[in-house]
Amino acid sequence: MKMGIVTGIPGVGKTTVLSTVAEILQEKKIPFKVMNFGDYMLRTAVEKKYVNNRDEIRKLPLEKQRELQQEAARQIVKDAESLGENGLSFIDTHAVIRTASGYLPGLPKHIIEILSPLVIFLIESDPNEILKRQQKDSSRQRADYSNADVINEVMNFARYAAMASAVLVGASVKIVNNVEGDPKVAANEIIRTLM
Amino acid sequence: MKMGIVTGIPGVGKTTVLSTVAEILQEKKIPFKVMNFGDYMLRTAVEKKYVNNRDEIRKLPLEKQRELQQEAARQIVKDAESLGENGLSFIDTHAVIRTASGYLPGLPKHIIEILSPLVIFLIESDPNEILKRQQKDSSRQRADYSNADVINEVMNFARYAAMASAVLVGASVKIVNNVEGDPKVAANEIIRTLM
Amino acid sequence: MKMGIVTGIPGVGKTTVLSTVAEILQEKKIPFKVMNFGDYMLRTAVEKKYVNNRDEIRKLPLEKQRELQQEAARQIVKDAESLGENGLSFIDTHAVIRTASGYLPGLPKHIIEILSPLVIFLIESDPNEILKRQQKDSSRQRADYSNADVINEVMNFARYAAMASAVLVGASVKIVNNVEGDPKVAANEIIRTLM
């Protein structure tokens, strides 16, 4: 099994790219899984009766959040391994999260060492395209970027964080440009890199 | 107790910002401590009879310096915990130090893992303001910046180093802009972030 | 013994700088070793009968590659220590390697913790000089840089990776500019920094 962690800041088109990855691999009959880290955390938290919904997770004490993260990572590895030797698994998560407390690493040591992926993908786009997409898409809760400079800063911190996480496990960091209007380009590049 | 590590390159106004943090918290009667990492190292070194003054510390063998750093970090955690659950502690130190041997990380693995802060603050200012302050302030020993490009490089390496340290313990990295002439803005942002 | 890791992206002139370091130290009768990480890996791999030549190494399973890296690192430390207290050792390797799978860290945790150097050097040059050198030098297999933007990105990722590796062991990261036509400048700066 080969694991890639797919990251990208809100508005970059990560969800669409990962759906396209899934479509392509289904068509090619290659065994794969796309696993959302947040969903795994939520499921674990509900099973353990820590929370009833997603919003309650970030109100948990930090030790409990860390416990959930590690449990989620272990479950992801288990599910990924069930794919067998030729399977591809893609973990949908963040390299950094922009919070009121600053840039929070999405792949800190206690998580990345459990996942131990081959590749950390950074999906990137032109900052102005990200701004435009954000204005169109008012249906989802989005990180609010006031301008292209802020987006550049977030993308830069994602690069620093991804590289720091990669150094811990010897993974590579692959930048994938998501071209506006054609998620297949990024999707195919992600698949090609991991196979 | 909540711990924040407050870093900033020489000339950025860190000392003034931290004094302002102290004034605000005293007024609000919130239990807090501002602890200078270098002072803790020096006190430990003198107690252990390794040195008589600050300058002698960097002449010690590397293993001794590392021992002092770790001992200082443990003492800081002890003092921070004495504040009780609602206390705020602020560690005054550096994310990187510009030395003749290059950029030395101020929060290497063996220290950050002991401190395990919630937030690493990076106080930043406009490079030209930093240059100006440096020219006015000849009373203190300062890192000598020849121009704004050098200052930009130092601030960038501080970002890379802070993020690498943060990834080790799951802390967040918060950039705080110190506006010339108004340290209260930065001080209040630091307090708000940690509370 | 003092150890420096000397890194630089292909085309930056690292080989020439390290030959110049060797010439200067030979003249000054200072005990030293310049050790190429890849050569140590190859020798270990051949001894263990894993491979017959360099190209076969990257086709080995990842665990075997990691085993070889760690064995090479241990052998390098052993050879470095044989120089005695005043010896200088220089490890010729990369901070990141630009591969089809992305930016691969050359000094991941499992290697840097064994080497535990004092300094990680980043030899840098003007991107346009690197492009020119690459066009002249068709005799060696080179990373193909299409333009100066790509070179800038590689040099930036080398900085992030070097700092992340440095944070793990408390090493410093020293940028050394290789001036076109005069490798002695960079060579002397490397020697001066380590002594």
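Rules used throughout
Residues numbered from 1 in each chain as written. Chains lettered and ligands numbered in written order. Predicted model: local features only at pLDDT ≥ 70, side-chain atom pairs only at ≥ 80, totals over all residues. Heavy atoms only, no water. Helix = DSSP H or I, 4+ residues; strand = E, 2+ residues; numbered from the N terminus. Rg over C-alpha atoms; globule rule 2.2 N^0.38 Å. Buried < 20%, exposed > 50% of the residue type's maximum accessible area, 1.4 Å probe, protein only. Contact = heavy atoms within 4.5 Å. Core = buried A, V, L, I, M, F, W, Y, C linked by side-chain atoms within 4.5 Å. Least-squares fit on C-alpha atoms with pLDDT ≥ 70 in both. UniProt positions renumbered as here; feature names shortened; annotations may be inferred. pLDDT = per-residue confidence, 0-100. Arc of directions from axis to C-beta. Polar contact = N/O pair within 3.5 Å; in protein donor to acceptor, adjacent residues only side chain to side chain. Buried area = accessible area lost by both parts, 1.4 Å probe. Salt bridge = Lys/Arg side-chain N within 4 Å of Asp/Glu carboxyl O. Nonpolar A, V, L, I, M, F, W, Y, C, P; charged D, E, K, R; others polar. Phe/Tyr/Trp six-rings, centres within 6.5 Å; stacked < 30°, edge-to-face > 60°. Lys NZ or Arg CZ within 6 Å of the ring centre and 35° of its normal. Axes fitted to C-alpha atoms, helices over the stretch in contact; angles between N-to-C directions. Parallel < 35°, antiparallel > 145°, perpendicular 65-115°, else oblique. Left-handed = near helix turned anticlockwise from the far one by under 90°.

Caption draft 1: A look at the overall build of chain A. Scanning chain A for helices and strands turns up 8 helices and 7 strands. Taken over C-alpha atoms, the radius of gyration comes to 16 Å for chain A, in line with the 16 Å a tight globule of 195 residues would show. Counting only C-alpha atoms, chain A reaches 40 × 40 × 35 Å along its principal axes. Across the 195 residues that make up chain A, the buried fraction comes to 54%.

Caption draft 2: A look at the side chain of Ser 89 of chain A. Residues and elements named next belong to chain A. Structurally, the position occupied by Ser 89 is in strand 3 (residues 88-92). The exposure class of Ser 89 is buried, given its relative accessible area of 0%. Setting aside residues no more than four positions away along its own chain, Ser 89 makes contact with Met 1, Lys 2, Met 3, Gly 4, Lys 33, Met 35, Ala 80, Leu 83 and Leu 194.

Caption draft 3: Quick look at the nonpolar core. One finds Phe 90 and Leu 115 of chain A, Phe 90 and Leu 115 of chain B together with Phe 90 and Leu 115 of chain C to be the most contacted residues of the largest nonpolar core, which totals 209 residues. The residues touching Phe 90 of chain B, leaving out its near neighbours within four places in the chain, are Gly 4, Val 6, Leu 18, Val 21, Leu 25, Phe 32, Lys 33, Val 34, Met 35, Ile 190 and Leu 194 of chain B.

Caption draft 4: Representation of the relation of the copies chain B and chain A in the model. Superposing chain B onto chain A requires a rotation of 120 degrees together with a translation of 0.0 Å along the rotation axis, leaving an RMSD of 0.0 Å. Such a combination of turn and shift is consistent with a three-fold rotation axis. The rotation axis passes nearest to the C-alpha of Ala 164 of chain B in chain B, at a distance of 3.0 Å. The fraction of interface residues of chain B whose copies in chain A are also interface residues is only 20%, indicating that the copies meet through different surfaces.

Caption draft 5: Local environment of unusual backbone geometry. Positive phi values are uncommon outside glycine, yet Ser 116 of chain A reaches one of about 40 degrees. Here Ser 116 of chain A is to be found in the loop between helix 5 (109-115) and strand 6 (119-124).

Caption draft 6: View of the UniProt feature "binding site: ATP" (unreviewed entry) in chain A. Residues and elements named next belong to chain A. Mapped onto the present numbering, the UniProt feature "binding site: ATP" (unreviewed entry) falls on Gly 8, Ile 9, Pro 10, Gly 11, Val 12, Gly 13, Lys 14, Thr 15 and Thr 16. For Ile 9, the location among the structural elements is in the loop between strand 1 (2-8) and helix 1 (14-28). In contact with Ile 9, other than residues within four places in its own chain, are Ile 130, Tyr 145, Ile 151, Val 154 and Met 155. In this fold, Val 12 is placed in the loop between strand 1 and helix 1. Other than its neighbours up to four places away in sequence, Val 12 contacts Ile 123, Glu 124, Ser 125, Ile 130, Arg 133 and Asn 178.

Caption draft 7: Region of interest: the confidence of the model for chain A. Of the residues in chain A, 96% reach a pLDDT of 70 or more, and the chain-wide mean stands at 93. Both confidence scores are given for the complex: pTM 0.95, ipTM 0.94.

Caption draft 8: Structural view of helix 6 (residues 127-136) of chain B. Residue and element names in this part refer to chain B. All of the buried residues in helix 6 are Pro 127, Ile 130, Leu 131, Arg 133 and Gln 134. All buried residues of helix 6 fall inside an arc of 165 degrees around its axis, so they share one side. Among the exposed residues of helix 6, those pointing more than 90 degrees away from its buried face are Gln 135 and Lys 136. Close packing links the buried residues of helix 6 with helix 7 (148-169). Its side-chain oxygen 2.8 Å from the backbone nitrogen of Asn 128, Asp 126 forms the N-cap of helix 6.

Caption draft 9: Quick look at the interface of chain C and chain A. With 19 residues of chain C at the interface, the matching set in chain A holds 19 residues. Buried surface at the junction of chain C and chain A, both sides included, amounts to about 1,500 Å², of which 68% is carbon and sulfur. It is Ser 101, Phe 157 and Tyr 160 of chain C in chain C that bury the most area against chain A; as a group they hold 32% of the surface buried on that side. Counting the contacts that link chain C with chain A gives 1 salt bridge.

Caption draft 10: Examining the interface of chain B and chain A more closely. Listed by partner, the interface residues are 20 residues for chain B and 19 residues for chain A. Carbon and sulfur atoms make up 68% of the area that chain B and chain A hide from each other, which totals about 1,500 Å². Considering only the surface of chain B that becomes buried against chain A, Arg 159, Met 163 and Val 167 of chain B emerge as the three largest contributors, covering 36% of it. Taken together, the links from chain B to chain A amount to 1 salt bridge. Across the pair Arg 159 of chain B and Glu 153 of chain A runs a salt bridge whose closest N-O atoms are separated by 3.6 Å. Inspection of the chain B/chain A interface yields 5 residue pairs in polar contact (both at pLDDT 80 or more). Mapped by element, the contributors of at least two residues to the side of chain B that touches chain A are helix 5 (109-115), strand 6 (119-124), helix 7 and strand 7 (172-177) of chain B. Residue contributions to the side of chain B that touches chain A peak at 8 residues, all from helix 7 of chain B. The class makeup of the residues in the side of chain B that touches chain A is 13 nonpolar, 3 polar and 4 charged.

Caption draft 11: Seen up close, the packing of aromatic side chains. All names here are of chain A. Enumeration according to the criterion identifies 9 aromatic pairs over all chains in this entry. Plain terms: the ring middles of Tyr 103 and Phe 157 are 4.4 Å apart, the flat faces sit at 10 degrees to each other, and that makes the pair stacked. Placement of the pair is Tyr 103 in strand 5 (residues 102-105) and Phe 157 in helix 7 (residues 148-169), with a sequence separation of 54 residues. Exposure class is identical for Tyr 103 and Phe 157. Each is buried. Here Arg 43 stacks its cationic end above the ring of Tyr 40, 4.7 Å away from the centre of that ring.

Caption draft 12: Focus on the pattern of salt bridges. For the structure on display, the rule yields 30 salt bridges over all chains. Glu 67 of chain A is the partner of Lys 48 of chain A in a salt bridge, and the nearest nitrogen-oxygen pair spans 3.3 Å. Remark: Glu 67 of chain A occurs in helix 4 (residues 62-81) and Lys 48 of chain A occurs in the loop between helix 2 (37-47) and helix 3 (54-57); sequence separation between them is 19 residues. Given a relative accessible area of 28%, Glu 67 of chain A falls into the partly exposed group. Linking Asp 92 of chain B and Lys 14 of chain B is a salt bridge whose minimum nitrogen-to-oxygen distance equals 2.8 Å.

Caption draft 13: View of the packing of helix 7 of chain A against helix 7 (residues 148-169) of chain C. The contact between helix 7 of chain A and helix 7 of chain C brings their axes to 9 Å, and the two run at 55 degrees. With respect to helix 7 of chain C, the element helix 7 of chain A is oriented oblique. The interaxial crossing formed by helix 7 of chain A with helix 7 of chain C has right-handed handedness. Of helix 7 of chain C, the residues touching helix 7 of chain A (which contributes Arg 159, Tyr 160, Met 163, Ala 164, Val 167 and Leu 168 of chain A) are Glu 153, Phe 157, Tyr 160, Ala 161, Ala 164, Ser 165 and Leu 168 of chain C. The residue makeup of the contact of helix 7 of chain A with helix 7 of chain C, split by class, is 10 nonpolar, 1 polar and 2 charged.

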